[in-house]
Amino acid sequence: QVQLVESGGGLVQAGGSLRLSCAASGRTVGSYAMGWFRQAPGKEREFVARISRSAISTYYADSVKGRFTISKDNIKNTVYLQMNSLKPEDTAVYYCAARPSDSATSVYDYWGQGTQVTVSS
């Protein structure tokens, strides 16, 4: 199995940028389809972005399209979420997750513990 540890969260002003990192160990991120999710207080967990095993394909939630970019670095065995033009509504705990296939039926079985992102107005 793969272990995931998120980092890079913090407090930023609206309009600012952050880059979140998801460091993997045990297995290579190249063996997994990876995703980012977030959960704000009092709200359900929501999908943010995903990247295929090959890193050729990416997909984003409508709320972050054009502002966020997901990427993989197989050499560093790390997945990133570059977040630009941040808004207060982006405030949440961000989680990295892994699943074994790009298939829609593949389940995200592996999760990090999350990193807090707070965007001030």
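Refer to the preceding data block for the structure.
Residues numbered from 1 in each chain as written. Predicted model: local features only at pLDDT ≥ 70, side-chain atom pairs only at ≥ 80, totals over all residues. Heavy atoms only, no water.

## With respect to the nonpolar core
- Counting 30 residues, the largest nonpolar core has Met34, Trp36, Leu81, Met83 and Tyr94 as its most contacted members.
- Those elements giving two or more residues to this core turn out to be strand E3 (18-25), strand E4 (33-39), strand E5 (46-51), strand E7 (68-73), strand E8 (78-83), strand E9 (92-99) and strand E11 (115-120).
- Look past the residues within four positions of methionine 83 in its chain and what remains in contact with it is Gly16, Ser17, Leu18, Leu20, Arg67, Phe68, Tyr94 and Val117. (Core = buried A, V, L, I, M, F, W, Y, C linked by side-chain atoms within 4.5 Å. Buried < 20%, exposed > 50% of the residue type's maximum accessible area, 1.4 Å probe, protein only. Helix = DSSP H or I, 4+ residues; strand = E, 2+ residues; numbered from the N terminus. Contact = heavy atoms within 4.5 Å.)

## Examining the side chain of arginine 99
- With respect to the helices and strands, the residue arginine 99 is situated in strand E9.
- The buried charged residue arginine 99 lacks any salt bridge, with aspartate 102 as its nearest oppositely charged partner at 5.9 Å.
- A polar contact of 3.5 Å, which involves the side chain of arginine 99, links it to the backbone oxygen of serine 103.
- Reaching out from arginine 99, the side chain makes a polar contact with the backbone oxygen of serine 106 at a distance of 3.2 Å.
- When sequence neighbours within four positions are dropped, the list of residues in contact with arginine 99 reads Tyr32, Ala33, Arg50, Ala104, Ser106, Val107 and Tyr108. (Lys, Arg positive; Asp, Glu negative; His and termini not counted. Salt bridge = Lys/Arg side-chain N within 4 Å of Asp/Glu carboxyl O. Polar contact = N/O pair within 3.5 Å; in protein donor to acceptor, adjacent residues only side chain to side chain.)

## Side note on the pairing of E5
- Relative to E5, E4 runs antiparallel, the two sharing 5 bridges. Within E5, the position partnered with arginine 38 by the bridge is glutamate 46.
- In this antiparallel pair of consecutive strands, E4 and E5, the connection spans 6 residues, and glycine 42 shows a positive phi of 75°.
- Note that E5 and strand E6 (residues 58-60) share 3 bridges and pair antiparallel. Opposite arginine 50, over in E6, you have tyrosine 59 as the bridge partner.
- The hairpin turn running from E5 into E6, its antiparallel successor, is 6 residues long, and alanine 55 in that turn takes a positive phi close to 70°. (Pairing = 2+ DSSP bridges.)

## Structural notes on the state of the cysteines
- Under the defined criterion, the tally for this structure stands at 1 disulfide.
- With a sulfur-sulfur separation of 2.1 Å, cysteine 22 is cross-linked through a disulfide to cysteine 96. The sign of the S-S torsion, about -80°, decides the handedness of the disulfide formed by cysteine 22 and cysteine 96: left-handed. Of the two residues, cysteine 22 is situated in strand E3 and cysteine 96 in strand E9; the sequence distance between them amounts to 74 residues. (Disulfide = S-S within 2.5 Å.)

## Considering the packing of aromatic side chains
- Summed over the entire model, instances satisfying the criterion amount to 6 aromatic pairs.
- Between tyrosine 32 and tyrosine 110 the ring centres are 5.9 Å apart and the planes differ by 80°, which places this aromatic pair in the edge-to-face class. Of this pair, tyrosine 32 sits in the loop between E3 and E4 while tyrosine 110 sits in strand E10 (residues 110-111), and the two are 78 residues apart along the sequence.
- The interplanar angle of 75° and the centroid separation of 5.8 Å between the aromatic rings of phenylalanine 37 and phenylalanine 47 together place this pair among those described as edge-to-face. Placement of the pair is phenylalanine 37 in strand E4 and phenylalanine 47 in strand E5, with a sequence separation of 10 residues.
- Among the residues examined, phenylalanine 37 registers a relative accessible area of 8% and is labelled buried.
- By relative accessible area, which is 23% here, phenylalanine 47 ends up partly exposed.
- Taken together, Phe37, Phe47, Tyr59, Tyr108 and Trp111 form an aromatic cluster joined through their ring pairs. (Phe/Tyr/Trp six-rings, centres within 6.5 Å; stacked < 30°, edge-to-face > 60°.)

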